[in-house]
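# Analysis of the macromolecular model
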Amino acid sequence: LALVLLPGVQYYTGQVLPMASIASECNKHGIFFGLDLAHAVGNIPLQLHDWNVDFAVWCTYKYLNSGPGALAGAFLHDKYASGYYSDQGQYLHRFAGWWGNQRSMRFQMGPEFVPRPGIYGFQLSNPPVFAIAPVMASLELFGSAGGIQALRAKSVK
């Protein structure tokens, strides 16, 4: 088994999967663990790095209230920040978008792609301003309500 890819929250039932324990089991066996967090981000607290999740992706139009066509998000564990994922030097292949290039080289338009560390090196282009605005407004509301921990605690009362 090379990969376990699961939702963080099962959309049909609302079941919150035990992501930390699944990540732990996957790590014990050298299996990549990824999450689709479309129904989890903005809905439940997440600690992807601490849980040792390898990667995750999500949208912002559901529980971050940004609307259709808005930004997506991605997480890549820091252990892959160098771009390599094994002691044997296996490289994480990626699309080489100019926004993922090292900032100091971004506008030099040279022939080589030198990726930024971590998930930032996977960016293809700059994010659209009008797609960021509703996400920022939603995150400000989350903050003024005490954050996701406080919102989750209130939701399960």
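Here is a short report on the structure shown in this document. (Residues numbered from 1 in each chain as written. Predicted model: local features only at pLDDT ≥ 70, side-chain atom pairs only at ≥ 80, totals over all residues. Heavy atoms only, no water.)

## Some thoughts on the layout of surface pockets
When its volume is computed, the largest pocket comes out at roughly 580 Å³. Elements that contribute at least two residues to the lining of the largest pocket include exactly β4 (72-76) and α3 (129-144). Per element, the largest residue contribution to the lining of the largest pocket is 4 residues, and it comes from α3. Across the lining of the largest pocket, the residue classes break down as 13 nonpolar, 3 polar and no charged. Of the voids in this model, the second largest pocket is the one considered here, and its volume is about 190 Å³. Every residue along the wall of the second largest pocket is listed here: F32, D54, F55, A56, V57, A74, F75, L76, Y80, L92, I119 and F122. Looking at the lining of the second largest pocket, its residues break down into 11 nonpolar, no polar and 1 charged. (1 Å grid on protein atoms, 1.4 Å probe; cavity = no way out; pocket = protein on both sides within 12 Å on 5 of 7 lines; lining within 4 Å. Points joined across faces, edges and corners; volume = space filled by probe spheres on them. Helix = DSSP H or I, 4+ residues; strand = E, 2+ residues; numbered from the N terminus. Nonpolar A, V, L, I, M, F, W, Y, C, P; charged D, E, K, R; others polar.)

## Quick look at helix α1 (residues 19-28)
Taken as a whole, α1 has its buried residues at M19, I22, A23 and C26. The buried residues of α1 occupy an angular sector of 100 degrees when projected down its axis, which confines them to one face. Trailing α1 by a residue or two, G30 shows a phi angle of about 70 degrees, which is positive. (Buried < 20%, exposed > 50% of the residue type's maximum accessible area, 1.4 Å probe, protein only. Arc of directions from axis to C-beta.)

## Examining the sheet that holds strand β1 (residues 3-7)
Within the open sheet, the 4 strands sit side by side as β1-β2-β3-β4. Their pairing is mixed. Looking at which strands have only one partner, the edges of the open sheet turn out to be β1 and β4. Recorded for the sheet is a direction-independent mean angle of 15 degrees between the axes of neighbouring strands. As paired elements, strand β2 (residues 32-36) and strand β3 (residues 55-59) share 3 bridges and run parallel to each other. What sits directly across from G34, in β3, is F55. Taken strand by strand, α1 contacts β1 and β2, and its axis lies near 155 degrees from that of β2. (Pairing = 2+ DSSP bridges. Axes fitted to C-alpha atoms, helices over the stretch in contact; angles between N-to-C directions. Contact = heavy atoms within 4.5 Å.)

## Examining the pattern of salt bridges
Note that side chains of opposite charge can pair when their charged atoms are close. Enumeration according to the criterion identifies 2 salt bridges in this entry. Here K28 and E25 are joined by a salt bridge, their closest N and O atoms 3.0 Å apart. Taken together, the residues span about one helical turn, with K28 and E25 both in helix α1 at a distance of 3 residues. Residue K28 is classed as exposed on the basis of its relative accessible area, which comes to 59%. For K79, the salt bridge is made with D54, and the minimal N-O distance between the two is 3.1 Å. Here D54 lies in the loop between α2 (48-51) and β3 and K79 lies in the loop between β4 and α3, a separation of 25 residues in the sequence. Judged by relative accessible area, K79 falls into the partly exposed class, the value being 36%. (Salt bridge = Lys/Arg side-chain N within 4 Å of Asp/Glu carboxyl O.)

## Things to note about the side chain of H77
Along the chain, H77 turns up in the loop between β4 and α3. Here the side chain of H77 touches H49 through a polar contact of 3.3 Å, landing on its backbone oxygen. Sequence-distant contacts of H77, defined by excluding residues within four places in its chain, comprise L48, H49, N52, V53 and D54. (Polar contact = N/O pair within 3.5 Å; in protein donor to acceptor, adjacent residues only side chain to side chain.)

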